[in-house]
Amino acid sequence: MLKGKKIILGVSGSIAAYKAVYILRYLKKEGADVKVLMTENATHFVSPLTFSTLSGNSVLKEIFVNEEWQNHALLGRWADLILIAPATCNTIASMANGFCNNLLIAVYLSATCPVIIAPAMDEDMWKHPSTKRNIQKLIYDKVRVLNVNEGDLASGLTGMGRMEEPEEIVAFVRTFLSGTSIYSGKRILVTAGPTVERIDPVRFISNDSSGKMGISIAKAFSEAGGVVTLVCGPVQVELPDKISIVKVRSAAEMFEACMKDFGDYDMIVMAAAVADFTPASPESQKIKKNNENMSITLIPTRDILATAGKIKKGNQVVVGFALETNNEEEYALRKLKSKNADFIILNSINDTGAGFGTDTNKVTIFGKDGGRWAFPLKNKEELARDIVKFLSKHP
């Protein structure tokens, strides 16, 4: 229940504004105190009178009313939560780039509480690169971005972009405010996929990692309420929408991406298969075959996990992965100690259905306190949820 919770419901100019009426009714039914802020365009879809009648509060639309100033800073501090539903393409762009062009954005920029948005727009707008960039900016700023649904759109087309249904949105708000999202407000860094180390412009050293395990873990953290950044090498699988994604290719690029803002993360999970070595002097032109033996000098890459273990703060948890072919437990325990990790997750390519390129995996988790926990073979997405749940109980 939401009894006593103070919520600002922001409504922007989309045909989905009618759904905000139902959201308001559900929030009020659960005991929330709701103030509605509308953009000018939203008033063309639903009358402010409807919202003021149902909320019991005046609807706020403009910064200046009858020569009086609406104190957006106090409004931003009044609320326990700001929910913007629907959030149009224009509103998302304004939020992401700090364009303070109406009262709703002014309140958002003044807010000291969590913010949730429920996007609504046509499919082409939703998939446009500029919208994707703006969504990523908001995720980085800790705004919770809900999914969009697929279905009939106002344009007459069918596709992705429909706002989630009011019941789904309110259920998320209820869970979020009740604190049952186990990673609510926590910032998580996850790495996934292989790295590519160039020999010349057309050849490289890499491995068979599909990235599925790391990507599944990132999704599971997001589902559990975490604010997730995924640093991902080149993969062929679809990447999730609601997660801040940094694409890299080389081990050096992955190192830099992980170290940037490292101190801001509560948990770091290194699931990527990072190359241990890289060519010392990559050729700028394609190496020609001359039927003679050749050798390539390899040098060690910078160890991301070891660096993380060395610089982590007392409140940060660092988790590494170990893929082994022999003496699995011995090497995993050695890695746990040498990298100063809190946990090492071991999987072996000797286990049928585990390792690179599969949809399933089987792991054993080793803790720095000497604990050992085995997880049976299962789908990687299910296993990811198990790992995330385990880590929440073993900080």
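Residues numbered from 1 in each chain as written. Predicted model: local features only at pLDDT ≥ 70, side-chain atom pairs only at ≥ 80, totals over all residues. Heavy atoms only, no water.

**Student:** How do you make sense of empty space enclosed by the protein when you look at a structure like this?
**Tutor:** Rolling a probe over the atoms, with the probe sized like a water molecule, indicates the empty space that remains. With the rule as written, the count across this model stands at three cavities of 30 Å³ or more. Quantified by volume, the largest cavity comes out at close to 80 Å³. In terms of lining residues, the largest cavity is bounded by I139, V143, R144, V145, S222, G226, V227, V228 and K242. Among the secondary structure elements, those contributing two or more residues to the lining of the largest cavity are β7 (144-145) and β13 (227-232). Split into classes, the residues belonging to the lining of the largest cavity amount to five nonpolar, two polar and two charged. (1 Å grid on protein atoms, 1.4 Å probe; cavity = no way out; pocket = protein on both sides within 12 Å on 5 of 7 lines; lining within 4 Å. Points joined across faces, edges and corners; volume = space filled by probe spheres on them. Helix = DSSP H or I, 4+ residues; strand = E, 2+ residues; numbered from the N terminus. Nonpolar A, V, L, I, M, F, W, Y, C, P; charged D, E, K, R; others polar.)

**Student:** Help me understand the packing of helix α9 (residues 212-223) against helix α13 (residues 380-393) in this model?
**Tutor:** When two helices pack together, their arrangement is given by the angle between the helix axes and by the axis-to-axis distance. One way to put it is that α9 packs onto α13 with a least axis distance of 8 Å and a crossing angle of 55°. If you check the angle between α9 and α13, you find them oblique. Crossing geometry of α9 relative to α13 is assigned as right-handed. Contacts between α9 and α13 involve K212, M213, S216, I217, K219, A220, F221 and E223 from the first element and K380, E381, L383, A384, R385, I387, V388 and L391 from the second. A per-class count over the contact of α9 with α13 returns nine nonpolar, one polar and six charged. (Axes fitted to C-alpha atoms, helices over the stretch in contact; angles between N-to-C directions. Parallel < 35°, antiparallel > 145°, perpendicular 65-115°, else oblique. Left-handed = near helix turned anticlockwise from the far one by under 90°. Contact = heavy atoms within 4.5 Å.)

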